[in-house]
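Chain residues, written in single-letter form:
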Amino acid sequence: MGKYDDFQREEEPKLTGKKRCVIVSVEEGKSKQGNDMIVVAVRPSGCRFTVRDYIVKNDSFNRRMTQFFDAFPEIEFGDFNLMTWVGAEGAVNLAEDERGYLKVKGYVDPVKARNLPPFEGQKPPRQTLTSLEDESAEDGDLPF
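What counts, and at which threshold
Residues numbered from 1 in each chain as written. Predicted model: local features only at pLDDT ≥ 70, side-chain atom pairs only at ≥ 80, totals over all residues. Heavy atoms only, no water. Helix = DSSP H or I, 4+ residues; strand = E, 2+ residues; numbered from the N terminus. Buried < 20%, exposed > 50% of the residue type's maximum accessible area, 1.4 Å probe, protein only. Polar contact = N/O pair within 3.5 Å; in protein donor to acceptor, adjacent residues only side chain to side chain. Contact = heavy atoms within 4.5 Å. Pairing = 2+ DSSP bridges. Core = buried A, V, L, I, M, F, W, Y, C linked by side-chain atoms within 4.5 Å. Salt bridge = Lys/Arg side-chain N within 4 Å of Asp/Glu carboxyl O. Axes fitted to C-alpha atoms, helices over the stretch in contact; angles between N-to-C directions. Arc of directions from axis to C-beta.

### Digging into the side chain of Thr84
Its place among the elements puts Thr84 in the loop between helix H1 (61-71) and strand S4 (89-96). Residue Thr84 is classed as buried on the basis of its relative accessible area of 8%. Separated by 3.5 Å, the side chains of Thr84 and Asp79 make a polar contact. Among residues more than four places away in sequence, those in contact with Thr84 are Asp79, Arg126, Gln127, Thr128 and Leu129.

The structure is reproduced here in structure tokens:
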């Protein structure tokens, strides 16, 4: 009996298709054409890597943002406080691009994602935004 006789084929998990995911970072940027864009990095369930999606302010912006907000129900529809998106859970449809890299092909609404297994892996904590105006009314008695 050889020392490698216990070898068994081990398949890599399928990375394309519909997956639960969590948003790990969001930032604003500019496209190559100079258009404003939102760069969303998502971590697919069961993975340690992130996949970036670039939502460019162009003719398809409203359609893409509607799909995005629908896919992440924890984010209030139309809320562009980007830092509050971090930690939100949703679902994406992943595909390989022409170079073999994973990309977000589209966002999956909760109805179509209902049969997906629960998210597995580390999730960053949800971020919240506190308004300074709310606190200033309470602190009116302070001498500074």
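### A look at the pairing of S4
In terms of burial, S4 is largely enclosed, as 6 of its 8 residues are buried. As defined by bridge partners, strand S1 (residues 17-30) adjoins S4 across 6 bridges and the pair is classed as antiparallel. By the bridge assignment for S4, Arg20 is matched with Ala91. Examined bridge by bridge, S4 and strand S5 (residues 102-107) share 5 bridges and lie antiparallel to one another. Within S5, the residue paired with Asn93 across the bridge is Gly106.

### Thoughts on the nonpolar core
Judged by nonpolar contacts, the single largest core of 23 residues is most densely connected at Ile23, Val40, Phe68, Phe72, Trp85 and Tyr107. Those elements that place two or more of their residues in this core are S1, strand S2 (36-44), strand S3 (51-56), H1, S4 and S5. The greatest single-element share of this core, amounting to 5 residues, is contributed by H1.

### Some points on the pattern of salt bridges
Going through the model one piece at a time under the given rule, you end up with 5 salt bridges. The closest approach of N and O atoms between Lys123 and Glu89, which form a salt bridge, is 2.9 Å. Of the two residues, Lys123 sits in the loop between helix H2 (110-113) and helix H3 (132-138) while Glu89 sits in strand S4, which places them 34 residues apart along the sequence. Classification of Lys123 as partly exposed rests on a relative accessible area of 40%. A salt bridge links Asp97 to Arg99, with the nearest nitrogen and oxygen atoms 3.7 Å apart.

### Some thoughts on the sheet that holds S1
Spatially, 5 strands are ordered S3-S2-S1-S4-S5 in an open sheet, and the strand pairing comes out antiparallel. Every other strand in the sheet has two partners, leaving S3 and S5 as the edge strands with one partner each. On average, adjacent strands in this sheet sit at an angle of 50 degrees to one another, irrespective of strand direction. H1 contacts S1, S2, S3, S4 and S5 of the sheet and is inclined by roughly 135 degrees relative to S3.

### Describing the environment of Val26
On the secondary structure map, Val26 appears in strand S1. Classification of Val26 as buried rests on a relative accessible area of 18%. When the C-alpha atoms of Val26 and Val39 are compared, they prove to be 5.6 Å apart, with 13 residues separating the residues in sequence.

### Notes on H1
Every buried residue of H1 is accounted for by Phe61, Arg64, Met65, Phe68, Phe69 and Ala71. Relative to the axis of H1, the buried residues are bounded by an arc of 160 degrees and lie together on one face. Considering only its buried residues, H1 is in contact with S1, S2, S3, S4, S5 and H2.

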